[in-house]
Number of protein chains: 2
Amino acid sequence: MLKRPFNFSAGPAALPEAVLQRAADEMLDWHGSGMSVMEMSHRGKEFISIYEAAERDLRELLAVPSQFRILFMQGGGLGENAVVPMNLSRGGAVDVVVTGSWSKKSLKEAQRYCNAQAAASNEVSRHTALPATSQWRLRSNAAYVHVCSNETIDGVEMHTLPDLAALGCAAPLVVDASSHILSRSVDWSRVGLLFAGAQKNIGPAGVTIVIVREDLIGHALAICPSAFDYQCVADNQSMYNTPPTYGIYIAGLVFQWLKAEGGVAEMDRRAQAKADLLYHTLDHSGGFYANRVAHDARSRMNVPFFLADETLNDAFLAGAKEAGLLQLKGHKSVGGMRASIYNAMPLEGVQALVNYMQDFARRHG
Amino acid sequence: MLKRPFNFSAGPAALPEAVLQRAADEMLDWHGSGMSVMEMSHRGKEFISIYEAAERDLRELLAVPSQFRILFMQGGGLGENAVVPMNLSRGGAVDVVVTGSWSKKSLKEAQRYCNAQAAASNEVSRHTALPATSQWRLRSNAAYVHVCSNETIDGVEMHTLPDLAALGCAAPLVVDASSHILSRSVDWSRVGLLFAGAQKNIGPAGVTIVIVREDLIGHALAICPSAFDYQCVADNQSMYNTPPTYGIYIAGLVFQWLKAEGGVAEMDRRAQAKADLLYHTLDHSGGFYANRVAHDARSRMNVPFFLADETLNDAFLAGAKEAGLLQLKGHKSVGGMRASIYNAMPLEGVQALVNYMQDFARRHG
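Residue positions within a chain follow its written sequence, with the count starting from 1. Each chain is given a letter, starting from A, and each ligand a number, starting from 1, according to the order in which they appear as written. Totals for whole chains, interfaces and linings use all residues, but because this is a predicted model, local features are given only for residues with pLDDT of at least 70 and pairs of side-chain atoms are given and counted only at 80 or more. Only heavy atoms go into the side-chain values, all of them from the structure, while hydrogens and water stay out.

**Some words on the overall build of chain A**
Along chain A, the regular secondary structure elements total nine helices and 14 strands. This radius of gyration counts C-alpha atoms alone. The globule rule is 2.2 Å times how many residues there are, raised to the power 0.38. For 365 residues, the compact-globule estimate of 2.2 N^0.38 gives 21 Å, and the C-alpha radius of gyration of chain A, at 21 Å, lies within 12% of that figure. Dimensions of chain A, computed from the C-alpha atoms along their principal axes, are close to 60 × 60 × 30 Å. Expressed as a percentage of its 365 residues, the buried residues of chain A come to 64%. Here, two residues are considered to be in contact whenever any of their heavy atoms come within 4.5 Å of each other. Long-range contacts, defined as pairs at least 24 residues apart, comprise 68% of the intrachain contacts of chain A with a sequence gap of at least 6. Computed with the Shrake-Rupley method and a 1.4 Å probe, the accessible areas treat only the protein chains shown as cover for residues. Of the roughly 13300 Å² of accessible surface on chain A, a fraction of 50% belongs to carbon and sulfur atoms. Across chain A, 33 positive and 36 negative side-chain charges occur, with their mean positions spaced 4 Å apart. Helical segments are the DSSP runs of H or I of at least four residues, strand segments are the runs of E of at least two, and each set is numbered from the N terminus. Type-normalised accessible area, obtained with a 1.4 Å probe on protein chains alone, sets the label of each residue: buried when under 20%, exposed when over 50%, and partly exposed for intermediate values. A residue counts as positive if it is Lys or Arg and as negative if it is Asp or Glu; His and the chain ends are not included. One atom stands in for each charge, and that atom is NZ of Lys, CZ of Arg, CG of Asp or CD of Glu.

Structure follows, in structure tokens:
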């Protein structure tokens, strides 16, 4: 097999080659069971063992305390935009910190279920800087405060989670961590609920992970579908409706790979090294390339950048593809380029990208 | 590779070996793209081509008329139990025909969103016979009438869809066809909406197929999550939220396999042959085995059966497993055994089951 190209897709995104190889090897017969994982009853002992290992490994990797439940659901981040307020808002006040396209969507969807307001917004900076926590307008009666800790489209990341208690706010924090989960540790003392669509930094689209403090379960609105009521999901070990079994299996293989590679601490170290290399290249390109995000808010996972001469965009993308660097086109709402460098992207891939970028700049500069 | 065992799981269920083999072969590199299907952006041309082929093949296989939209969603049949009334009920009257465990759940969930009532029920027969259409109490103001055309747990199947117009009812018919979709043709003139979780007769859990007449789209309740609003899903070609891309790819491979095997007409013929063989064996076992469903309501897909001497259940299951016949244990609410013989089960598998059953009866009769 030839060397695989490097895939910079924002999601669904690259998976570790070792995970794909193992999935291919086990496709027709999982561990001598005579079945593909796709063919197993979700209630059988084979799949239950896969499910329990995935949950256990995720809990270990993120050091999730015992008072949090881990749920494997469906519907993605956009689904959770409705599912979270249906479960947690009690129809009351909800404060959303708008830092980019994703939190903006979360606010809009939440407004259908409760009195949701923007506690702060970086719209004036076109989503390129984080609003200071001192300026957040948090309401004393808020049922929860919602943040997106990494904005996939805008490339803005919170490098620490806000300490709501220190801001005088007693409400639980809800974190959309879809695009940087497992790239850094989580301070669970600051979190009420954290969710993530799996298709960015874990793997398979169609799996949604919800990690929720037990006391926040059991308060769903009457109109919340049973399949999305955290109580119902938790009471049935994520098997009220048939779970996305194959996606959970792949996520479990990714968790095993992460553990073997050194866990979240090692991913954190690698993320820093990869981001440092790429941002350094952008900042030292003599203006040929630019990233517009404030330095302290720059994402280590999603790096949008622009060529000063945008007429070169097509040539840049075509040359990249030829060099084995895939899916670098920016999101349509932002334009330019975007390199998503999740856990599965080796430093070698970022080095190849940087080499290509420098060479391209030399040829066209 | 050794011969694979025969898998009688009710869902997630057996897949054609050719489909699994192809998925394994393409796992690390789909068609020279350098990517696994799991790694592709859902907005890239590679995945769009996979999606469009799957939709086109499904439309061809089921002869879906152009005024119906095909949606690929998430949440399964239990999800649709809420999603359908959120989209179609307008909060009004809904009539549900209760024929088994699944339609009973559908009724209960619908009652949270609208004035849902049982138009008929076979509860008195313990879900072993179909209530005659002449006895259905349909309301003139019903927004829709819901049926489950094949009850997976109870093994009861409607061999023709009801003709509501002939019953003097103008409401659209909603059909939960999860466990027999693609095993027979559909008379679309009788249908308003048909849905199916993929994990029974198509393949991968986590994909939900909704085929809905266009005029029924666009009437969702205000509290319907955007990701589950048929209008939003249809307007975005099932890509409002990231679709379960790998599951759609596998479903697409199953559709290609179905076409190559002769399509739905051939599956219909095979289903009849397999069911005839199995029911004949049950009915001629001298009382050793029994299926309790009325003959005209017997499912061709899910065949629950009982040993007269239930103390032999464990020996039956252990021997079956040894003979390469997997997942025959009945649903916990019914007990006994259940053989699910979906499209992916060859006649050879049913023959092997029948041989084992006859041999077991001889040894223990």
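**Looking at the domain arrangement of chain A**
Residues and elements named next belong to chain A. The domain limits used here are those given by an automatic or database domain assignment. What the domain assignment lists for chain A is domain 1 (21-259) and domain 2 (262-364). Each partner contributes residues to the interface: domain 1 has 26 residues there, and domain 2 has 23 residues. Polar contacts here mean pairs of N or O atoms no more than 3.5 Å apart (in protein, one a potential hydrogen donor and the other a potential acceptor; neighbouring residues in sequence count only if both atoms are side-chain atoms). For the pair domain 1 and domain 2, the number of links is 15 residue pairs in polar contact (both at pLDDT 80 or more). Contributing elements (two or more residues each) for the side of domain 1 that touches domain 2: α2 (45-62), β7 (156-157) and α6 (245-261). The biggest single contributor to the side of domain 1 that touches domain 2 is α6, with three residues. The nonpolar class holds Ala, Val, Leu, Ile, Met, Phe, Trp, Tyr, Cys and Pro. Asp, Glu, Lys and Arg form the charged class, and all remaining residues, Gly among them, are polar. When its residues are assigned to classes, the side of domain 1 that touches domain 2 shows 10 nonpolar, 11 polar and five charged.

**Points about the UniProt feature "binding site: pyridoxal 5'-phosphate" (unreviewed entry) in chain A**
Residues and elements named next belong to chain A. Per the UniProt record, "binding site: pyridoxal 5'-phosphate" (unreviewed entry) is found at Trp102, Thr152, Asp176, Gln199, Asn241 and Thr242. A maximum C-alpha distance of 29.3 Å among these annotated residues, which run over 141 residues, shows that they spread across the structure rather than meeting at one spot. Lining the largest pocket, from the set of annotated residues above, are Trp102 and Thr152. The topology assignment puts Asp176 in strand β8 (residues 173-176). You can call Asp176 buried: its relative accessible area is 2%. Apart from residues lying up to four places away in sequence, Asp176 is in contact with Trp102, His146, Val147, Cys148, Ser149, Asn150 and Phe195. With respect to the helices, strands and loops of the structure, Thr242 is situated in the loop between α5 (230-235) and α6. UniProt positions are given in the numbering used here, feature names are shortened, and annotations may be inferred rather than shown by experiment. Cavity and pocket criteria rest on a 1 Å grid covering protein atoms alone: a 1.4 Å probe that fits but cannot get out defines a cavity, protein on both sides within 12 Å along at least 5 of 7 lines defines an open pocket, and an atom within 4 Å of a point defines a lining residue.

**Some details on empty space enclosed by the protein**
Grid points are joined across faces, edges and corners, and a volume is the space filled by probe spheres set on the points. This structure, assessed with the given rule, holds 12 cavities of 30 Å³ or more. By volume, the largest cavity is sized at about 150 Å³. Around the largest cavity sit 16 residues that line it, and A:Ala205, A:Tyr246, A:Gly247, B:Ala205 and B:Gly247 are the ones nearest its centre. At the level of secondary structure, the elements contributing two or more residues to the lining of the largest cavity comprise α6 of chain A together with α6 (245-261) of chain B. Broken down by element, the lining of the largest cavity gets its largest block of residues, three residues, from α6(A).

**What about the side chain of A:Asp95?**
All names here are of chain A. Positionally, Asp95 belongs in strand β3 (residues 93-98). Residue classification places Asp95 among the buried positions, given a relative accessible area of 1%. A distance of 2.7 Å separates a polar atom in the side chain of Asp95 from the backbone nitrogen of Arg139. Residues within four places of Asp95 in sequence aside, it is in contact with Gln117, Ala119, Arg137, Leu138, Arg139, Ala142, Tyr144, Val145 and His146.

**Section: the layout of surface pockets**
Its volume calculated, the largest pocket comes out at about 1500 Å³. Considering the residues around the largest pocket, the lining is formed by 50 residues, among which A:Lys329, A:Gly330, A:His331, A:Lys332 and A:Arg338 are closest to the centre. Elements that contribute at least two residues to the lining of the largest pocket include exactly α4 (101-110), β12 (302-307), α8 (313-322), β13 (325-326) and β14 (337-340) of chain A together with α2 (45-61) of chain B. By residue number, the principal contributor to the lining of the largest pocket is α4(A), which donates four residues. Within this model, the second largest pocket holds a volume of roughly 1200 Å³. If you trace the second largest pocket, you find 43 residues lining it, with A:Ser41, A:Arg43, A:Gly44, B:Lys329 and B:Arg338 closest to the centre. Of all the secondary-structure elements, those providing two or more residues to the lining of the second largest pocket are α2 of chain A together with α3 (76-88), α4 (101-110), α8 (313-322) and β13 (325-326) of chain B.

**Notes on the side chain of A:Ser89**
When you line up the elements, A:Ser89 lands in the loop between α3 (76-88) and β3. Those residues in contact with A:Ser89 that sit more than four places away from it in its chain are A:Val84, A:Val94, A:Tyr113, A:Cys114, A:Ala143, A:Tyr144 and A:Leu221.

**A few points about the sheet that holds strand β4 (residues 115-121) of chain A**
Two pairing modes exist for strands in a sheet, parallel and antiparallel, and in both the strands are linked by backbone hydrogen bonds. All names here are of chain A. Here, a strand pair is defined by DSSP locating no fewer than two bridges between the strands. The strand order across the open sheet built from seven strands is β2-β10-β9-β8-β5-β3-β4, with neighbouring strands paired in mixed fashion. With one partner strand each, in any of the chains shown, β2 (68-73) and β4 form the two edges of the open sheet. Between one strand and the next, the sheet's axes are offset by a mean angle of 20 degrees, whatever the strand orientation. In this description, a line fitted to the C-alpha atoms serves as the axis of each element, helices being fitted only across the stretch in contact, and the angle between N-to-C directions of two axes falls anywhere from 0 to 180 degrees. Running over the sheet, α2 touches β2 and β10 (208-213) and is turned about 130 degrees from β2.

**Observations concerning α4(B)**
All names here are of chain B. Counting buried positions along α4 gives seven out of 10 residues, so the element sits mostly inside the fold. Those residues of α4 not exposed but buried are Ser101, Trp102, Ser103, Ser106, Leu107, Glu109 and Ala110. On its buried face, α4 sits against α3, β3 (93-98), β4 (115-121), β5 (142-148), β6 (150-151) and β8 (173-176).

**Digging into the sheet that holds β12(A)**
All names here are of chain A. Read from one edge of the open sheet, three strands run β11-β12-β14, paired in antiparallel fashion. The open sheet has two edge strands with one neighbour each: β11 (289-290) and β14. As defined by bridge partners, β11 adjoins β12 across two bridges and the pair is classed as antiparallel. Counterpart to Ala290 in the pairing with β12 is Phe306. Helix α7 (residues 263-283) rests against β11, β12 and β14 of the sheet, and its axis sits at about 20 degrees to β12.

**Focus on the UniProt feature "modified residue: N6-(pyridoxal phosphate)lysine" (unreviewed entry) in chain A**
All names here are of chain A. Under the UniProt annotation, "modified residue: N6-(pyridoxal phosphate)lysine" (unreviewed entry) lies at Lys200. Looking at the secondary structure, you find Lys200 in the loop between β9 (193-197) and β10. Ignoring sequence-local partners within four residues, the contact set of Lys200 consists of Ala10, Gly11, Ala13, Thr152, Ser178, Ser179 and Tyr342.

**So, the pairing of β3(B)**
Residue and element names in this part refer to chain B. By the criterion of burial, β3 is predominantly enclosed, with six of the six residues buried. Side chains of β3 alternate between two faces, with Ala93, Asp95 and Val97 and Val94, Val96 and Val98 buried alike. In the sheet, β3 pairs with β4 via six bridges, with the strands oriented parallel. Bridge pairing in β4 links Val96 to Ala118.

**Overview of the packing of aromatic side chains**
Pairing of aromatic rings covers Phe, Tyr and Trp, the last through its six-membered ring, and needs centres within 6.5 Å; plane angles under 30 degrees mean stacked, over 60 mean edge-to-face, and all others mean tilted. Taken as a whole and assessed by the stated rule, the structure comprises 26 aromatic pairs over all chains. On the basis of an interplanar angle of 85 degrees and a centroid distance of 6.0 Å, the ring pair of A:Tyr289 and A:Phe305 is categorised as edge-to-face. Placement of A:Tyr289 in strand β11 and of A:Phe305 in strand β12 is noted, with a sequence separation of 16 residues between them. Looking at A:Tyr289, the relative accessible area reads 3%, which means it is buried. Three or more aromatic residues link up through ring pairs in this structure, and these residues are A:Phe288, A:Tyr289, A:Phe305, A:Phe316, A:Tyr356 and A:Phe360. We call a charge positioned above a ring when the Lys NZ or Arg CZ atom is no farther than 6 Å from the ring centre and deviates by at most 35 degrees from the ring normal. Just above the ring of A:Phe306 sits the side chain of A:Arg292; from NZ or CZ to the centre is 3.6 Å. Sitting above the plane of the B:Trp102 ring, B:Lys105 keeps its charged end 5.4 Å from the centroid.

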